[in-house]
Each structure stands twice: as structure tokens, then as C-alpha cells.
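Structure assessment
Chain by chain, the residues run as shown.
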Amino acid sequence: MRRKLIRRLLAGVTVGVVLAPLAPSSGSASPSGDVEWMPCEQDAGALCGTLEVPVDWADPDGPTIELALAKRPATDPAVRRGSLLVNPGGPGGSGVDSALWASYGDELRRHFDIVGFDPRGVARSSPIMCTLDRINDLPVEPIKTSSAFSRMVSASRALADDCRANSGPVFDHVDTIQVIQDIDAIRAAVGDTELNFLGMSYGTLMAQQYAEMYPDRVGAIVADSVMDHSQDARGFAVTQAATGQDSFNEFVAGCSRLPQCALYGRDIRQFWQRLLDRAARGELPDPDDHSYKITQRDLVNFVLGNLNYQPYWLEIAAELERVDAGRPWGTSAAVAREVADEPPTVVPFAYQAVLCQDWNLKARDVTRWRSILAEAQRAAPDLPDPPRASVGAICLGWPTSANNPQRRINPTNESKLLLVNSLHDPATGYNWALGAADQFGDHAELLTYEGWGHIVYGRVSCADEAIETYLIDRVVPAEGTRCAAAPPPGTTSARGRTPSQESGPTAQPPVRCAVPRRCRPGCSELSGRVVGSPRRADHPRSRSAPRAGRRQGSSWMVTGPAV
């Protein structure tokens, strides 16, 4: 079952990323560094091209790779103010897809060419390729013993060796320091003297480190849902666990005050603990497949996954109550028996390479690892083995030192950055936003959305207008600016208006799905989605697209934690 589901997921990720190039090879960069733009194959209303850059910026005359680019030209050339480079995060998200399919405000579209790029090692930009069996070999059980620790060290080392063999020289040069030099090359190639950039989630690390490396080239840079690259391995695990617990606390509090919630009027923590206990004893069968016993990890992944982009409190509660009562959907078992086409044996998988080159998340031995996870568990008492605390496991066997290890930012930029974060973000927590804001000091301003979910742009007009005014007119929001939360999906405001009427583009509702099997090793443990998935349909600005890792009526779903 595990392997079948992983294969089904990776089949969906691979198609469109590797097999559907967006521009012909004749769109390569010229020797001058300009981009030869041509209509994109998937959308003739946009332009695609490539830019040649060194594999290693420390060796500019050495081997090169081509970065894939996509551009939607400004809709009003009379007021055009250059390009806005966008990155949706990941690690492993496609900026080409973001430029082509994500929605941006009309005023941004008027004033800027929206330019997206696939970071090196991702999608169409010399993708990191790995053997599917090596990904499948990553252990999924919590690492609590010496033997489990050794298995993860061996499996993650084998995966890294395999990916390097399948990917060539680019494999060792996909850290963010390399990427921000690519970003500066793109800035120059499109003819801008300063960088205007909208980086989301993992893209906020690019934003911060670009401002540090090129302070005089900062135009308007937005970091939406902020990374804190100063966290060591212990701090990373504990802060990630704490923000997951915060989102769970908000779910409990929300359902306690909403009569529409299936758990309204009950002791929700007691109900949750009883489910966890049943799962721990192997006494919680999947209502749609009694041969499968739901685990504690399944429950935690399900809740956190459905809190990632929107506060789907009502849907989470209804599903947990259904599982507790043992009521089947009726059709899900048939859906679960669907057979997908067999995917390739070698698939794109940039997640490990990027994460382990940007972060030193190793532990020297199982004692150190258990100490880190024990502290993380104390920060998340309602979430057994909190998955976001275990992100570093995939780096335990990483064969080299991190190229871009975590440290505090030392900013000198005069043009302020705009940091943006939800107060209750389960992926890049508000604790990280405060940490980054402290490091930038007077060189950045923090805009707070007092609601829930990952990625702020596209949720409420208050935040959208502040972000767009900053990007277009370089007007930085006043210190301490905060935007009120939109009502959770399925609820209405005091004025009786729906969330879509309150907050602009509506996120798609969660797909009906029973409690998931587990998070596969290919989950982005920072962004809560399948690495490499082309779009996030549950993000407020995303256009219609199937959700990665979910199928209507099926009894599984992929989730995970960063960015």
C-alpha cells in the first residue's frame, strides 16, 4: 500500500514538470546574458525563455546550466515599472508555474512584468533526479532507537549518493547562496537596476539573503511567510513543533466557539486524546478499509495538513468525528482501488539537496537526536512525534557539510524589506517572523495578519493593498501594522458575508478524504505539500487545480511541514 501510494503521487508530480517543457530550446540565453523570449507552449499569452548561468558561481568560467523563466508582461506599458520576480517556496517550488498560473493583483499586473523562474535543481532548471526506490527506502517511523537512527543515516546517505549520480554537477550547488546569484543574473538580464521580488515561504530565505548580499540593488522585496535562518537544529525542531501546537490550539478554540463544528460542546482535547490512544493500541480502523489501522502519525498529519493553508476547522472536526464513529464514505474504497499509470523509476526530487545544503540539521548520535525531539515534544504536547520537528531526519546521512549553514542575517540595505506573516501559521510560524524581524531591525518592517494559514498575499484586502502599495509605490507600512483575520471557511462574519466576500479570491474547500495513511518521504516538511507540485489550489491566490496528494473520496492524503 505504501509504495503504491507513493508511486501514484510521484506520477502526478513528474508529469508536467519533466515531460512538458514550456519553451523550445531555441529560447536559450544569448552570450550577452539577455533572454530570448518566446511564447510559452502551455500558454501563448505568456513568454518563456532560459538564462545560462554557471553551475558554481565560484567558478564562473566552468560548466553552465540553463534556468527556465516565464513572464507575463505588464498589462499597461505606460505605467510599467520593471519586473517583479516571484518565487512560491518549497524547497522545490516552480516559479515558472507560479508566473503562469497563480493570480496576482490587477495593479501588480499593470505595473510589472511578472517573472517566475525555476530555481536550479528544480522542475525545468537542471532538476535533481533521484531513483524512486531510494526515496521509498527512507524510514517513516519515529527515530527513537540506535538502530532506527542508523537506518535513517544509511537511507538518507544512499538517497543523496543516488541523486548525485543521477543529476550531475548541479547536485552539489543548489543552496540559496547560489540561487540568489542566479536571481541577480535574472535581474540584470531583464534590464532592471534594482530587484523587485515577491518571495513566499522558502522564497523568503532568498529574499533575506539577497538583501544581505546585494544591499544596493534592493528595490522592493516582500518576504511572505518568513523563514528564520538563524535557528540551529534544536531551535528549528522546537520552533516548528511550537507553531504546529499553536495551530492545533486555534482549532480547539475555534471549534469550541462555533456551533457548526461537529465537536462543538464536547471536550475536544479529551476526544483527541482518546483517538490517539485508540490509534496507539491499533484499535482505530480506517472506516473505508478495515484492514488498515490508523496510526497516531496519520492523525497528526491529517490535522496539520488541513490547517496548513486555511483553518479548515469544521472539516477536520467532521472527519475526526466520522472516523471515531466508524462511518464509511461508501465510495472511497472504490476510489482507493484505482490503479495509476506506473511513473518513471527516476523522478525529480530537489527537497533533500536544497534543505541539507542550506541547513545543518544533523545530530551526531541518537542521544542528541532524542534530546532534540524530546524538547520539541514538550513544545507540542497534543501532537505525538510532531512531524515538523523531524524535518532534519532526511539530512542525518548527508555526506558533506552544509554549503549555506544557518546564521543570523547582517543587513545593510537602505531600502526596507517588507516581512509578512500570519499570526497562526503552522509552516513558517510567527516565531520565525519575529526572529527575522529582530535580525533586520530598521532594515525591514513586519506586517502581521491576525489570522490563520500559510502565505498571506491573497487573503484579505488589508494585507494585499499594503503589499501592492509597497511594491508599486515603495511605501512601507507603518510600524506595527496588523490586518484582521478573515472568517474561517464555512463560517460567516458578523455582517453575514461569506469569507469570499470578505477577503477576495476564495480558496478551494478541502477535498473529502478520510484520515491519511502517513506523510511520504517526498513531502515538503516545510510547506505541507508534495515537493514539485505545480500549484497550491488551497492557496488564496491559486487558480483552479487538483490538490497535490489528495483524491476525492480516498482514504489518504499527503501532508508535512517548511516552506
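Note: the structure precedes this text.
Description of the structure in this document. Being a predicted model, the structure only gives us computed values, none of them experimental.

Points about the overall build of the protein chain
When helices and strands are counted, the protein chain shows 17 helices and 16 strands. Within the protein chain, the fraction of its 563 residues that count as buried is 61%.

Brief notes about the nonpolar core
In this structure, Ile183, Phe251 and Leu320 are the most contacted members of the largest nonpolar core, which totals 115 residues. The greatest single-element share of this core, amounting to eight residues, is contributed by helix α8 (residues 233-257). By size, the runner-up hydrophobic cluster in this structure holds 37 residues, among which are Tyr104, Val460, Tyr470 and Leu471.

Describing the state of the cysteines
Counting across every chain of the model gives five disulfides. Between Cys255 and Cys261 runs a disulfide, and the two sulfur atoms are separated by 2.1 Å. Between Cys255 and Cys261, the S-S torsion sits near 85 degrees, and that sign places the bridge as right-handed. Assessed through its relative accessible area of 0%, Cys255 is described here as buried.

As for the pairing of strand β5 (residues 113-117)
Where burial is concerned, most of β5 is hidden: five out of the five residues are buried. Here β5 shows two buried faces, one formed by Asp113, Val115 and Phe117 and the other by Ile114 and Gly116. Here four bridges tie strand β4 (residues 83-87) to β5, and the two strands are oriented parallel to one another. Directly across from Ser83, in β5, lies its bridge partner Asp113.

Considering the side chain of Arg234
Of note, Arg234 is situated in helix α8. Of the residues examined, Arg234 reaches a relative accessible area of 18% and is grouped as buried. A distance of 3.0 Å separates the side chain of Arg234 from the side chain of Ser371, its partner in a polar contact. A polar side-chain atom of Arg234 sits 2.8 Å from a polar atom in the side chain of Glu375. When near neighbours in sequence (up to four residues on either side) are disregarded, Arg234 contacts Arg368, Ser371, Ile372 and Glu375.

Examining the packing of helix α10 (residues 296-305) against helix α11 (residues 313-325)
One way to put it is that α10 packs onto α11 with a least axis distance of 10 Å and a crossing angle of 160 degrees. For the element pair α10 / α11, the angle class is roughly antiparallel. In the crossing of α10 with α11, the sense of the turn from one axis to the other is right-handed. Two secondary-structure elements touch here, α10 through Leu299, Phe302 and Val303 and α11 through Ile316, Glu319 and Leu320. A per-class count over the contact of α10 with α11 returns five nonpolar, no polar and one charged.

Some details on unusual backbone geometry
Pro91 follows Gly90 through a cis peptide bond whose omega is 0 degrees. Assignment of secondary structure puts Pro91 in the loop between β4 and α2 (95-101). Positive phi, close to 80 degrees, is recorded for Ile455, a residue that is not glycine. Looking at the secondary structure, you find Ile455 in the loop between β13 (444-452) and α16 (461-473). Residues other than glycine seldom take positive phi values, yet Arg474 does so here, at roughly 60 degrees. By secondary structure assignment, the location of Arg474 is in the loop between α16 and β14 (482-483).

A few points about the pairing of strand β3 (residues 64-72)
When you tally the buried positions in β3, you get seven out of nine residues, the bulk of the element. As defined by bridge partners, β3 adjoins β5 across four bridges and the pair is classed as antiparallel. Its bridge partner being in β5, Lys71 is matched across the sheet by Val115.

Notes on the sheet that holds strand β7 (residues 195-200)
Strands sit in the order β1-β2-β3-β5-β4-β7-β8-β12-β13-β14 across an open sheet of ten strands; the sheet is mixed. Edge positions in the open sheet fall to β1 (38-39) and β14, since each of these has one partner strand only. Sheet topology places β4 next to β7; three bridges connect them, and they run parallel. Considered in β7, the bridge of Val86 is made with Leu198. Here α8 sits on the sheet in contact with β12 (417-424) and β13, set at roughly 50 degrees to β12.

Procedures and definitions
- Residues numbered from 1 in each chain as written.
- Predicted model: local features only at pLDDT ≥ 70, side-chain atom pairs only at ≥ 80, totals over all residues.
- Heavy atoms only, no water.
- Helix = DSSP H or I, 4+ residues; strand = E, 2+ residues; numbered from the N terminus.
- Buried < 20%, exposed > 50% of the residue type's maximum accessible area, 1.4 Å probe, protein only.
- Core = buried A, V, L, I, M, F, W, Y, C linked by side-chain atoms within 4.5 Å.
- Disulfide = S-S within 2.5 Å.
- Pairing = 2+ DSSP bridges.
- Polar contact = N/O pair within 3.5 Å; in protein donor to acceptor, adjacent residues only side chain to side chain.
- Contact = heavy atoms within 4.5 Å.
- Axes fitted to C-alpha atoms, helices over the stretch in contact; angles between N-to-C directions.
- Parallel < 35°, antiparallel > 145°, perpendicular 65-115°, else oblique.
- Left-handed = near helix turned anticlockwise from the far one by under 90°.
- Nonpolar A, V, L, I, M, F, W, Y, C, P; charged D, E, K, R; others polar.

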